[in-house]
Amino acid sequence: MIDYKMKIAEIIAKAADMEAEEVCSMIEVPSDEKMGDFAFPCFKLAKVFRKAPPLIAQEIAEKISAEEMFEKVEPVNAYLNMFVSREEMTKDVVSEALAKGEKFAHSDIGAGKKVIVEYSSPNIAKPFHIGHLRSTVIGNSIYKIYDALGYDTVRINHLGDYGTQFGKMIVAYRKWGNEEDVRRDPIKTLLSYYTKFHVEAEKDPDLDQEARDTFARLEKGEPEEKALWQWFRDESLKEFTEVYDMLGIEFDSYAGESFYSDKMQRVLDELNEKGLMKESQGANVVDLEEYDLGTALITKSDGSTLYITRDIAAAIYRKETYDFYRNIYVVASQQNLHFAQWFKIVELLGYEWAKDCIHVPFGLVSLEEGTMSTREGRVVFLKDVLDQAVEKTREIIIEKNVNTDNIDETAAIVGIGAVIFQELSNGRIKDYVFKWDRVLNFDGETGPYVQYTHARAASVLRKAGEDAAKISADVDYTKIRGEVAYSLVKLLHAMPDVVIEAGERCEPSILTRHIIDIAQAFNKFYHDEQILVDDEAEKMAKLALVASARQAIENGLAMLGIKAPERM
Ligand code: ARG
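Residues numbered from 1 in each chain as written. Predicted model: local features only at pLDDT ≥ 70, side-chain atom pairs only at ≥ 80, totals over all residues. Heavy atoms only, no water.

1. Some remarks on the overall build of the protein chain
Reasoning step 1: A count of helices and strands for the protein chain gives 22 helices and 12 strands.
Reasoning step 2: Along the first, second and third principal axes, the C-alpha set of the protein chain runs to 85 × 65 × 40 Å.
Reasoning step 3: A fraction of 72% describes how many contacts in the protein chain between residues 6 or more apart in sequence connect residues 24 or more apart.
Reasoning step 4: Accessible area for the protein chain stands at about 25,600 Å²; split by element, carbon and sulfur atoms hold 47% of it.
Reasoning step 5: Each charge sign in the protein chain was given a centre, from 70 positive and 99 negative side chains, and these centres are 1 Å apart. (Helix = DSSP H or I, 4+ residues; strand = E, 2+ residues; numbered from the N terminus. Contact = heavy atoms within 4.5 Å. Areas by Shrake-Rupley, 256 points an atom, 1.4 Å probe, with all protein chains shown as cover. Lys, Arg positive; Asp, Glu negative; His and termini not counted. Charge placed at Lys NZ, Arg CZ, Asp CG, Glu CD.)

2. Some points on a negative patch on the surface
Reasoning step 1: Where like charges cluster on the molecular surface, the negative patch consists of Asp 3, Glu 10, Asp 17, Glu 19, Glu 21, Glu 22 and Asp 497.
Reasoning step 2: Checked against the element boundaries, Glu 22 lands in helix H2 (residues 20-26).
Reasoning step 3: On the basis of relative accessibility, which here comes to 41%, the residue Glu 22 falls in the partly exposed class. (Patch = residues over 30% accessible without salt bridge, like charges linked within 9 Å, V, L, I, M, F, W, Y side chains within 5 Å. Salt bridge = Lys/Arg side-chain N within 4 Å of Asp/Glu carboxyl O. Buried < 20%, exposed > 50% of the residue type's maximum accessible area, 1.4 Å probe, protein only.)

3. A short note on the layout of surface pockets
Reasoning step 1: Space inside the second largest pocket adds up to approximately 1,000 Å³.
Reasoning step 2: Along the walls of the second largest pocket sit 38 residues, with Val 29, Phe 38, Lys 490, His 493 and Ala 494 positioned nearest its centre.
Reasoning step 3: Among the elements of the structure, helix H1 (4-16), helix H5 (86-100), helix H20 (483-504) and helix H21 (508-528) are those that each provide at least two residues to the lining of the second largest pocket.
Reasoning step 4: Top contributing element to the lining of the second largest pocket by residue count: H20, with 12 residues.
Reasoning step 5: Class assignment for the residues of the lining of the second largest pocket results in 17 nonpolar, 8 polar and 13 charged. (1 Å grid on protein atoms, 1.4 Å probe; cavity = no way out; pocket = protein on both sides within 12 Å on 5 of 7 lines; lining within 4 Å. Points joined across faces, edges and corners; volume = space filled by probe spheres on them. Nonpolar A, V, L, I, M, F, W, Y, C, P; charged D, E, K, R; others polar.)

4. Considerations on the sheet that holds strand E9 (residues 326-330)
Reasoning step 1: Strands sit in the order E5-E4-E9-E10 across an open sheet of 4 strands; the sheet is parallel. On the outer flanks of this sheet lie strand E5 (152-156) and strand E10 (357-360), each paired with one strand and no other. Strand-to-strand, the axes of this sheet are offset by a mean angle of 20 degrees, without reference to chain direction.
Reasoning step 2: Relative to E9, strand E4 (residues 114-118) runs parallel, the two sharing 4 bridges. Note on E9: the bridge partner recorded for Val 115 is Arg 326.
Reasoning step 3: Contacts between helix H6 (residues 130-148) and the sheet are confined to E4, E5, E9 and E10, with E9 contributing the most and set at about 155 degrees to the helix. (Pairing = 2+ DSSP bridges. Axes fitted to C-alpha atoms, helices over the stretch in contact; angles between N-to-C directions.)

5. Let's talk about the pattern of salt bridges
Reasoning step 1: With the rule as written, the count across this model stands at 48 salt bridges.
Reasoning step 2: In this structure, Glu 391 and Arg 394 form a salt bridge, with 3.3 Å as the shortest nitrogen-oxygen distance. Placement of the pair is Glu 391 and Arg 394 together in helix H15 (residues 382-400), with a separation of 3 residues, close to one helical turn.
Reasoning step 3: Overall, Arg 394 belongs to the partly exposed group, its relative accessible area being 23%.
Reasoning step 4: Through salt bridges with shared partners, a single ionic network connects Arg 174, Arg 217, Glu 224 and Glu 225.

6. What about the packing of aromatic side chains?
Reasoning step 1: Within this structure, the stated rule accounts for 27 aromatic pairs.
Reasoning step 2: Ring centres of Phe 434 and Trp 436 lie 5.1 Å apart, and the angle between their planes is 85 degrees; this geometry places the pair in the edge-to-face category.
Reasoning step 3: Members of the aromatic cluster, joined through ring pairs, are Tyr 119, Phe 128, Phe 240, Tyr 244, Phe 251 and Tyr 254.
Reasoning step 4: Residue placement shows Lys 72 over the ring face of Phe 83; its charged tip is 4.5 Å from the ring centre.
Reasoning step 5: Sitting above the plane of the Tyr 291 ring, Lys 344 keeps its charged end 4.4 Å from the centroid. (Phe/Tyr/Trp six-rings, centres within 6.5 Å; stacked < 30°, edge-to-face > 60°. Lys NZ or Arg CZ within 6 Å of the ring centre and 35° of its normal.)

7. Here we look at the sheet that holds strand E7 (residues 283-287)
Reasoning step 1: If you walk across this open sheet you meet the 3 strands as E6-E7-E8, and the pairing is antiparallel. In this open sheet, the two edge strands, each paired with only one partner strand, are strand E6 (277-280) and strand E8 (295-299). Between one strand axis and the next, the sheet turns by 40 degrees as a mean value, whatever way the strands run.

8. Some details on the nonpolar core
Reasoning step 1: Grouped together as the largest cluster of nonpolar side chains are 162 residues, with contacts concentrated most on Phe 40, Ile 60, Ile 64 and Phe 434.
Reasoning step 2: Among the elements that line this core, the one with the most residues is helix H22 (residues 536-560), at 13 residues.
Reasoning step 3: Excluding anything up to four places from it in sequence, Ile 64 contacts Ile 11, Ile 12, Ala 15, Phe 70, Val 73, Leu 80 and Met 82.
Reasoning step 4: One finds Val 267, Ile 308, Ile 345 and Cys 357 within the second-largest nonpolar core, a separate group that totals 35 residues. (Core = buried A, V, L, I, M, F, W, Y, C linked by side-chain atoms within 4.5 Å.)

9. With respect to the site of the ligand
Reasoning step 1: Looking at the ligand, the residues that line it are Glu 118, Ser 121, Asn 123, His 132, His 158, Tyr 307, Asp 311, Tyr 329, Val 331, Gln 335 and Phe 339.
Reasoning step 2: Take Ser 121: an N or O atom from its main chain is 2.9 Å from a nitrogen atom of the ligand.
Reasoning step 3: Interatomic distance of 2.6 Å between a side-chain N/O atom of Asn 123 and a nitrogen atom of the ligand.
Reasoning step 4: Protein coverage of the free-state accessible area of the ligand, which is 350 Å², stands at 87%. (Near = heavy atom within 4 Å. Polar contact = N/O pair within 3.5 Å; in protein donor to acceptor, adjacent residues only side chain to side chain.)

As structure tokens, then:
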């Protein structure tokens, strides 16, 4: 598509005898549409030209206003306000949307570059609660955005499947466990053993020693312990997979913490070689005080390694295996210090790619009733939340008499889409409160609203009957040059850049906001204009725009990990 900023920059650069690059960086998009599509502030030019900025704006306007791409150029005080040809922009975006279809708003800026997105990463035998939803959903969208930008992506689920707690879990299972119960409801059952272990260990401290010995046997790879651990892992993963299936989420690798258990010695050796490791009360630490990052504990006094050590080993492994261009971690902001510490350690080890490791933090979710936390035992399981979303949506569908021939399917698409959309519509850093009536509102800035808009566009195209097959970019664009249509055109035109920005900032909410804007602009167009009019040329031009908007919404939702229903 036309790069308007660049094209305008070249024209102004020629008229004002400047560098196009510099002009380009100065061009603005006015927030008020009445001030033009693009504006160029002339303040900075005053020194060089030794003239007042309004006069400069006046002179440049005279030189460039005859250019074909402009509808008009208006000098207003120190600004040069430019209105581009509506027909040209409309033709540009409609041709692109119709030609590219599902690839509209995609790009190839990432070609040949590998990006790892690590997300979800729950702990096995622990509940997959609504807090994990954020990592899962934000990470999945970041992956989809990078994929759309042409990057070669690798999705990793860094399962929390290692650590001394598995010694406790095995001891507890042997003492109080029952195979049948675990199979029936793995995570809740294993969790109950784990809780019981802590209660019992208060009374009988020997249990803790037993757990440590058991974990040591697991680390050595003793078959019995290994088999139990493997079983806990498999059962937990089965349960996680149910949630992933509901969300439509997949991974390329489930290499979790245990995968690095034999890759830790190298980290310890390198830390020693570089003289970074210090002994402290039998434990090994890296002192990061001079960077204001405290002290990182690398091995405990019994020699066992820690979470952070495994992260360092994993990063080295990923670099050597994938040779990433970027290595992204979508993990809660509570772990900011953890990531800052080990990124620093990797840098101190001399790995220049430390700068390519990126922590993408996010804030806490709480439910209306209050915060959810594993410790207080008031865990809200994600699966229950999703089931509830589908159920509540089914009720709304019936009550609203929504147009669907498959209630179950629509309830699933809309209910789950609503939860995902809600997660992605706030800036990720903010803490937020999960409220049902906000999530499922069909009229607010929500998933159902956008999906409904998509279905409405699809329905217009269905109603067009045979005309739908004749939709093409070769239409008379003067028929759709009104304000309302043009606002929609501008949003569609901006979408590819919005996707790039969302990717660069690892911030799907930028895209979510833009999709809401497109949906609102489309609905205004739909309400204000009759689409299936008698005038053939007008009808075909309007249908081309509807088809483009529908495609943009579908593609945008896809990048958030949400389906776009044909009917609703
Ligand atoms: N399993 C961890 C948790 O649930 C998250 C893992 C994050 N990823 C990482 N590479 N440290 O808190």
